[in-house]
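# Coordinates in review
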Amino acid sequence: MTKFRKLGRHAGHRMNMLRTMVSQLVKHERIETTVTKAKEVRRLADNMIQLGKEGTLSASRKAAGFVRGDDVLHKIFTELAYRYKDRAGGYTRMLRTRIRVNDAAPMAYIEFIDREKELRQSNPPTPQPPQRVPLDPWARSRLLKQFAPPKEEKSSDSEL
């Protein structure tokens, strides 16, 4: 299992809290929480979107075991999977907002990118470079010889 921040809670409480926060993020598409919790939620939410893009039965069962609610599960596999079909990763954004009054904890919004009413516009997804066909070893060696610099001749008499 991957390593998580402890967040001052025991394991069962921590995972239940993160499951609920990921479900609420998918449902509302933006939540406000502390910065450390937002960093953990971002990891898990990106994993759920990857499962939604995969779209297999196994992926839907994994996601159903994590998120809470059938409406949230349906939204992951339909709306969000379609929205991020061309994006390779980085589906969420964390924006630091304020310092909480009573305990001075740094707060942040975590939201999905490429949605209506987002706080900041996102950059377009970077296009993937075209796949290169690998050369066979003989053609590669001929090309390397063709573009190699000329060999320098070593002189046998050394002048010191």
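Relevant structure appears above.
Residues numbered from 1 in each chain as written. Predicted model: local features only at pLDDT ≥ 70, side-chain atom pairs only at ≥ 80, totals over all residues. Heavy atoms only, no water.

### Quick word on the overall build of the chain
Regarding its fold elements, the chain presents five helices and three strands. Along the chain, helices (α) and strands (β) appear in the sequence α-β-α-α-α-β-β-α when read from the amino end. Compactness check: the chain gives a C-alpha radius of gyration of 25 Å against a globular reference of 15 Å for 160 residues, more than 25% above the reference. Of the contacts made within the chain by residues no fewer than 6 positions apart, 60% connect residues no fewer than 24 positions apart. Carbon and sulfur atoms make up 53% of the accessible area of the chain, which amounts to about 11,700 Å² in all. Between the mean site of the 33 positive side-chain charges and the mean site of the 19 negative ones, the chain shows a separation of 8 Å. (Helix = DSSP H or I, 4+ residues; strand = E, 2+ residues; numbered from the N terminus. Rg over C-alpha atoms; globule rule 2.2 N^0.38 Å. Contact = heavy atoms within 4.5 Å. Areas by Shrake-Rupley, 256 points an atom, 1.4 Å probe, with all protein chains shown as cover. Lys, Arg positive; Asp, Glu negative; His and termini not counted. Charge placed at Lys NZ, Arg CZ, Asp CG, Glu CD.)

### What about the packing of aromatic side chains?
If you walk through the whole model with that rule in mind, you get two aromatic pairs. With a centroid separation of 5.2 Å and 50 degrees between ring planes, the pair formed by Y84 and Y91 is classed as tilted. Each of the two residues, Y84 as well as Y91, counts as buried. Pairing Y84 with F112 gives two aromatic rings, centres 6.3 Å apart and planes at 40 degrees, and the pair type is tilted. (Phe/Tyr/Trp six-rings, centres within 6.5 Å; stacked < 30°, edge-to-face > 60°. Buried < 20%, exposed > 50% of the residue type's maximum accessible area, 1.4 Å probe, protein only.)

### Let's talk about the nonpolar core
Counting 32 residues, the largest nonpolar core has M48 and V67 as the members making the most contacts within it. Mapped onto this core, the elements with two or more residues apiece are helix 1 (11-28), helix 2 (35-54), helix 3 (57-64), helix 4 (70-83) and strand 3 (106-112). When neighbours within four sequence positions are excluded, M48 is seen to be in contact with V22, A63, F66, V67 and I76. (Core = buried A, V, L, I, M, F, W, Y, C linked by side-chain atoms within 4.5 Å.)

### Brief notes about the sheet that holds strand 1 (residues 30-34)
Spatially, three strands are ordered 1-3-2 in an open sheet, and the strand pairing comes out antiparallel. What marks the edges here is a single partner per strand, and that holds for strand 1 and strand 2 (92-99). Adjacent strand axes in the sheet meet at a mean angle of 25 degrees when their direction is disregarded. Its contacts with the sheet place helix 1 against strand 1, strand 2 and strand 3, and it is angled at close to 145 degrees to strand 1. Here helix 2 sits on the sheet in contact with strand 1, strand 2 and strand 3, set at roughly 165 degrees to strand 2. (Pairing = 2+ DSSP bridges. Axes fitted to C-alpha atoms, helices over the stretch in contact; angles between N-to-C directions.)

### Here we look at the packing of helix 1 against helix 2
Helix 2 packs onto helix 1 with a crossing angle of 65 degrees between their chain directions and a minimal axis gap of 9 Å. Between helix 1 and helix 2, the interaxial angle falls into the category roughly perpendicular. Two packed elements cross with a definite hand, and for helix 1 against helix 2 that hand is right-handed. Two secondary-structure elements touch here, helix 1 through M17, L18, M21, V22 and L25 and helix 2 through K37, E40, V41, L44, A45 and M48. (Parallel < 35°, antiparallel > 145°, perpendicular 65-115°, else oblique. Left-handed = near helix turned anticlockwise from the far one by under 90°.)

### Quick word on the environment of L7
Mapped onto the fold, L7 is located in the segment before helix 1. With 124 residues separating them along the chain, L7 and Q131 place their C-alpha atoms 43 Å apart. Excluding anything up to four places from it in sequence, L7 contacts R14, M17, L18, T36 and K37.

### Quick notes on the pairing of strand 2
Across a regular strand the side chains alternate sides, sitting on one face of the sheet and then on the other. Examined bridge by bridge, strand 2 and strand 3 share six bridges and lie antiparallel to one another. Residue pairing for strand 3: L95 is matched across the bridge by Y109. What sits between the antiparallel neighbours strand 2 and strand 3 is a turn of six residues, in which A104 has the positive phi angle 60 degrees.

### Some points on the pairing of strand 3
For strand 3, the buried fraction is high: five of the seven residues fall into the buried class. Bridge count between strand 1 and strand 3: five bridges; the pairing is antiparallel. Directly across from I31, in strand 3, lies its bridge partner I110.

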